[in-house]
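What follows is each chain in one-letter form.
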Amino acid sequence: EGARLLRLMAEDGEDLAVDGGEGLFYAAFVGVLFLFISISLISVFAARVFANPIRALAGYANRMDPERKPEPRPVFDIDEFNELGSALEKASIRLNDYRTSEREFLHNFSHEMKTPLTNIYGYAEGIDVGVLQGEEAQNACKVIMAESEQLTDTITPLLFLGRLDAVENVYK
């Protein structure tokens, strides 16, 4: 008839006949379909296994804010994601520490600037309105010069740091 018949021996010694034409094609089709569905399910599962931690880490990174206290990082089953989360957590802590240091510096710097400026303004106003005259005016001028020198001594290192930062940015 043109159809091929394959004979297989069963465990009990009986011959099994398998149609080699349509039956083999049908079995191959079912096998390929099963393989395709299996690979698709594995791909979806793998994508979720890797995408969910990445989304969680992206959300964690987006919530990092120097104005807020650092929050604890998310924890995962995969070591590499934990390593990345740990690095982001350390960056968040450093960002917060930097912001705290910046606030302290600005507070201290404004205090260091305000005192000499207040003295300079007070003595200059006293000379201007004529309250300080003669020797008092000369002493006031000496205080103004000393306070101006103190301001210069305070500002010069900051200007130097600013120039260093500008030079460093040129060579990056």
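Residues numbered from 1 in each chain as written. Predicted model: local features only at pLDDT ≥ 70, side-chain atom pairs only at ≥ 80, totals over all residues. Heavy atoms only, no water.

Draft legend 1. Representation of the overall build of the protein chain. In terms of helices and strands, the protein chain carries 3 helices and 2 strands. Taken from the N to the C terminus, the helices and strands of the protein chain come in the order β-β-α-α-α. Per-residue burial for the protein chain yields a buried fraction of 12% across its 172 residues. Approximately 13900 Å² of the protein chain is accessible, and the part contributed by carbon and sulfur atoms is 62%. (Helix = DSSP H or I, 4+ residues; strand = E, 2+ residues; numbered from the N terminus. Buried < 20%, exposed > 50% of the residue type's maximum accessible area, 1.4 Å probe, protein only. Areas by Shrake-Rupley, 256 points an atom, 1.4 Å probe, with all protein chains shown as cover.)

Draft legend 2. Looking closely at the confidence of the model for the protein chain. Chain-level pLDDT for the protein chain is 81 on average; 82% of the residues reach the 70-or-more range. Confidence drops under a pLDDT of 50 for residues 1-10, and excluding neighbours within four residues, the segment shows 21 contacts in the predicted structure. (pLDDT = per-residue confidence, 0-100. Contact = heavy atoms within 4.5 Å.)

Draft legend 3. The arrangement of the packing of aromatic side chains in detail. Taken as a whole and judged by the stated rule, the model has 3 aromatic pairs. Plain terms: the ring middles of Phe 50 and Phe 81 are 6.2 Å apart, the flat faces sit at 55° to each other, and that makes the pair tilted. Taken as a pair, Phe 50 in helix H1 (residues 22-63) and Phe 81 in helix H2 (residues 79-129) lie far apart in primary sequence, 31 residues in all. Residue Phe 81 is classed as buried on the basis of its relative accessible area of 9%. In this structure an aromatic cluster arises from ring pairing among Phe 50, Phe 76 and Phe 81. (Phe/Tyr/Trp six-rings, centres within 6.5 Å; stacked < 30°, edge-to-face > 60°.)

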